[in-house]
Each structure stands twice: as C-alpha cells, then as structure tokens.
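Structure at a glance
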Amino acid sequence: MVLDLESLYTDLHRHPELSYQEHRTAQIAADGLRERAIEVIDGVGRTGVVGVLKNGDGPVVLLRADMDALPVLEETGLEYASTERGIDLDGVDVPVMHACGHDVHVTCLLGAADALSATREEWRGTVVFLFQPAEELGSGALEMIADGLYERVPRPDVVLGQHVAPAPAGTLGAHAGPAFAATDDVLVTLHGEGGHGSRPESTVDPVVMAAATVMRLQTIVSREVAGGETAVVTVGTMHAGTKINIIPHEATLGINIRTYDSAVRDRVVAAIDRIARAEAAASGAEREPEVEVTDSFPVLYNDEAATERTMGAFRSAFGPERVLDPGRVTGSEDVGALATAAGAPIVYWLLGGLDPALFRNAVANGTTDAGIPSNHSPHFAPLIHPTLETGVQALVVAAREWLARSGEPSAESADGPAQTRLVPRLDA
Ligand code: ZN
Ligand code: ZN
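Values in this document were obtained by computation on a predicted structure and should not be read as measured data. (Residues numbered from 1 in each chain as written. Chains lettered and ligands numbered in written order. Predicted model: local features only at pLDDT ≥ 70, side-chain atom pairs only at ≥ 80, totals over all residues. Heavy atoms only, no water.)

**Considering the coordination of the zinc ion (ligand 2)**
Convention followed: Any nitrogen, oxygen or sulfur atom within 2.8 Å of a metal ion counts as a donor, with the limit raised to 3.2 Å for Na, K and Ca, and since water is left out, coordination shells can look unfinished. Helix and strand labels come from DSSP, where a helix needs a run of H or I of at least four residues and a strand needs a run of E of at least two; each type is numbered from the N terminus. For the exposure calls, accessible area comes from a 1.4 Å probe over protein chains only, and a residue counts as buried if that area is under 20% of its type's maximum, exposed if over 50%, partly exposed in between.
Listed as protein donors to the zinc ion (ligand 2) are C100 (SG), H102 (NE2) and H163 (NE2); their distances from the metal cover 2.1 to 2.4 Å. In the primary structure, the donors to the zinc ion (ligand 2) are separated according to the pattern C-x1-H-x60-H. In this structure, the zinc ion (ligand 2) lies 3.1 Å from the zinc ion (ligand 1), and both are coordinated by C100. Of this pair, H102 sits in helix 3 (residues 102-118) while H163 sits in strand 7 (residues 158-168); the two residues are 61 residues apart in sequence, bridging distant segments of the chain. Relative accessible area serves as the criterion here: at 0%, H102 is assigned to the buried category. Owing to a relative accessible area of 7%, H163 belongs among the buried residues under this scheme.

**A word on the side chain of T310**
Applicable threshold: By the criterion applied in these results, polar contacts are pairs of N or O atoms within 3.5 Å in which, for protein atoms, one can donate a hydrogen and the other can accept it, and in which residues neighboring in sequence qualify only through two side-chain atoms. By the convention used here, residues are in contact when the closest approach between their heavy atoms is within 4.5 Å.
As for its placement among the helices and strands, T310 is situated in helix 8 (residues 304-318). A distance of 2.8 Å separates a polar side-chain atom of T310 from the backbone oxygen of A306. Excluding anything up to four places from it in sequence, T310 contacts L160, V347, W349, A398 and W402.

**As for the coordination of the zinc ion (ligand 1)**
Test applied: Square planar and octahedral assignments, for four and six donors respectively, both demand that opposite donors be over 155 degrees apart and that all other angles lie between 65 and 115; tetrahedral needs four donors with all angles between 85 and 135 degrees, and anything else is irregular.
Here the zinc ion (ligand 1) is held by the protein donor atoms C100 (SG), E136 (OE), E136 (OE) and H376 (NE2), which lie 2.0 to 2.7 Å from it. Taken together, the four donor atoms coordinating the zinc ion (ligand 1) span angles of 52 to 150° at the metal, a pattern that classifies the geometry as irregular. In terms of primary sequence, the donors binding the zinc ion (ligand 1) are separated according to C-x35-E-x239-H. With a relative accessible area of 7%, C100 lands in the buried category.

**Some remarks on the side chain of T189**
The topology assignment puts T189 in strand 10 (residues 182-191). With sequence-adjacent residues up to four places away left out, T189 is seen in contact with E250, A251, T252, P289 and E290.

**Quick word on the domain arrangement of the protein**
Quick reminder of the rule: Each domain's extent was defined by an automatic or database domain assignment. In the sections that follow, a salt bridge refers to a side-chain nitrogen of Lys or Arg positioned within 4 Å of a carboxyl oxygen of Asp or Glu. Here the nonpolar group is Ala, Val, Leu, Ile, Met, Phe, Trp, Tyr, Cys and Pro; Asp, Glu, Lys and Arg are the charged ones; every other residue, Gly included, is treated as polar.
Splitting the protein by domain gives domain 1 (5-180 + 299-417) and domain 2 (182-297). Of note, the centres of domain 1 and domain 2, computed from C-alpha atoms alone, are 36 Å apart. At the boundary of domain 1 with domain 2, the tally comes to zero salt bridges. Here domain 1 and domain 2 share four residue pairs in polar contact (both at pLDDT 80 or more) between them. Its residues assigned to classes, the side of domain 1 that touches domain 2 comprises six nonpolar, four polar and three charged.

Quick look at the structure:
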C-alpha cells in the first residue's frame, strides 16, 4: 500500500494528543508497521510503539520519532488546523496542537519504514522503529526503558532521529558534541507572614520577596556564568495571593534552567538557592524558603564520529549546500536516554521545515529571532513539501549508512555503503 505522506501528516496534525494519551497516533504507527510486515511491540512505556524489521545479519539501527502534542491553541489558520481539546495531567481541559512538529516526526518515520521495508534486498541488519510518548514531559524515553525496552527489542548499535525546526525546508543539520541543552526545573517556595493589605507593617510580604528574587535571579547568567559558557534562567511561573486586599503567606516561583555543562548547571542551581535564601532573609522572613529541583534531564551529546559519518552521508545524498551545522540548541530532548541506556552513540539532527522564502525575508529584514514562528508557538506551521520528503529521505540515508549492504554483513566497520544522490539540489 502506497504511503501518502501529506494525507498522513494532515490527519495527524488535525488529531494531536497530549503526552501519554497518544492512543490514536500509536495505533496509526502500529497499523502502518504491520501493513509492511514489520513486527510490532506496543504499549511500551504506556503508549510507546516499537517496530522491529529483522533482515539478516548486520548492525542494529534505531530510528526514533516522538508522538505527543502540546496544550496550545492553534492559530495557524491552516485548513488542517487542530480544533481538538484534551484533559491534561492536572485534570484541566486544554486546547491541543502539534506545536512542536512531532506529527512531522511520526509521518517521516512511517515513510522511512515504508521505504526500508520495500528495499529489503538492498541492505542487511535490523531496523528498530521507535515511536515514543511524552517527549514534552521529558519522561517518555526513560519510561520506555524502564518498561523493559531493551529486553524486548534488539539493543541498537546507533540511535538516529530528527526534530523539525524553523530552518529552511529541505535543509538538514547536526551539531557534534553537546547539541541540545540540559534542562532543570526548580520550584522555590518563599514564606512570608500574611495579613491585611492595609497593614503591611504587621506582615512579611512574600510578593515583594518574590519580585526581588526574580530580579536578582537575572544576575546569575550575567554575573556568575563565565562569558564563554552558556546558561538560560527563566522564571516561567510566579504564584501568590488570592485577593487584592490580602497580603498572602507564601509565593512560589517556577524556574527553568538550560545548560550544556554539568559544572555550570550545578553553579546555577546553587546560585538560585543562595539568592532565594538571601532575599528571604533581607525581607525578614522567619522561615527559610524551600528550593527543590523537580525535574531534570541531561545534555543531548551527539557522538562526534557518528555525527561526522552521518552528515557525510547527508552531504553525498543531498548536496553539501543542504547540510548545515546549526550550532548548539537551547531546547532540550530526552532522546539521548535511548542511546545512553543502550551504550550506543546518537546522532540527532534538525530537519528544516520553514518556507525558504519566509526565511530569506526574515534574514534580509533581520527578524529571524522575532519574525519566524518557532516550535511551541501557536503559529508554528511546517511547510509540508519538501519537509516530509526530506525527513523520510534523511532517515533512510542515515539508516542505510549504518546498515550493511546486501552480501556485506560486516559493512559497519568498512567505509559504509556509497550513497547515491537521492534528491535534486534545492536552489538557495
Ligand atoms: Zn517541544
Ligand atoms: Zn519536540
């Protein structure tokens, strides 16, 4: 059965599902694998689906796509825009949108399954097609591993995957070394002494304490992190109070940190703790604040040699002008856990999804930071063509680079199969 990438993609886009609720998406993935006679193991890490295509002796290559969507109200105006709603983990009714493009990833991975299963006579080895839940929570990959992933499917020799990004459609790029930031969530609870809004002298106001803390936190990156290092500290939530004329008892700050180096990360966490305590003391608080790291996941480290090998295959197949080094990304990804648990290298690349004309205009106007909707924006709308075709071809080219050629079961240690140019060059 011929796979229609566009209709698969627009269907997934219309029906996004929140983390760990990817039942419909998982079913589509499982059905698509089974239709191509690929063995399916489902329900791994709740909604995860894994296809195993064994095709003789040779290397094991794992290709990964994440499946979940976000609680965002879509404002793209696309004909296939989502109008879905869902219930989040707190029981709140929320709009749902594929605002991170994981629908692109699912479509491309099924496209790769289609292409690799149709060309079995050309390669040897095993391909593991992994559809992961809950990337947006940073827990889906770990949940699959904890659910016995590698007891149920062959352990990969390499983990490969991609993320659609606001780079020109038709381009690909990976950064060797630390590529995606580590992220930590820190919850700070500041304790004051509440009272009547008309009598501040009888209280310790946690709202002022929180405000001072937020401002002082801004000095961590500018004054405590070395110029050659990178960190981001964002106060994403700030909660206090129930009524205008009441000074509340406490205030909470939810802080998100991005770093590439564990020493920098430890320094930032320590600075948050120190500043919260100092501001509480400066306010005259009797009770110390609580500072708690509630969620963490590590840097995604692209193996240098594996990245060079895979990007070399991309340059041969797509032309060097379509393969870029995007530098380090401050976004975070949990896909690295799949490689760490397997003891395998990972190569995780960016797949351009932006209308190249839009990109050229933004570059000309100096508005690439503000004028282009990025992942998680309600306006994020990847261009369907050639993004989907490029994403499928990238997975196939990368997998074939690591698999053996027919009659050459040990090609992993050789130079790898010669890649033919699969696609025409794109202008500009
Ligand atoms: Zn995301
Ligand atoms: Zn994402």
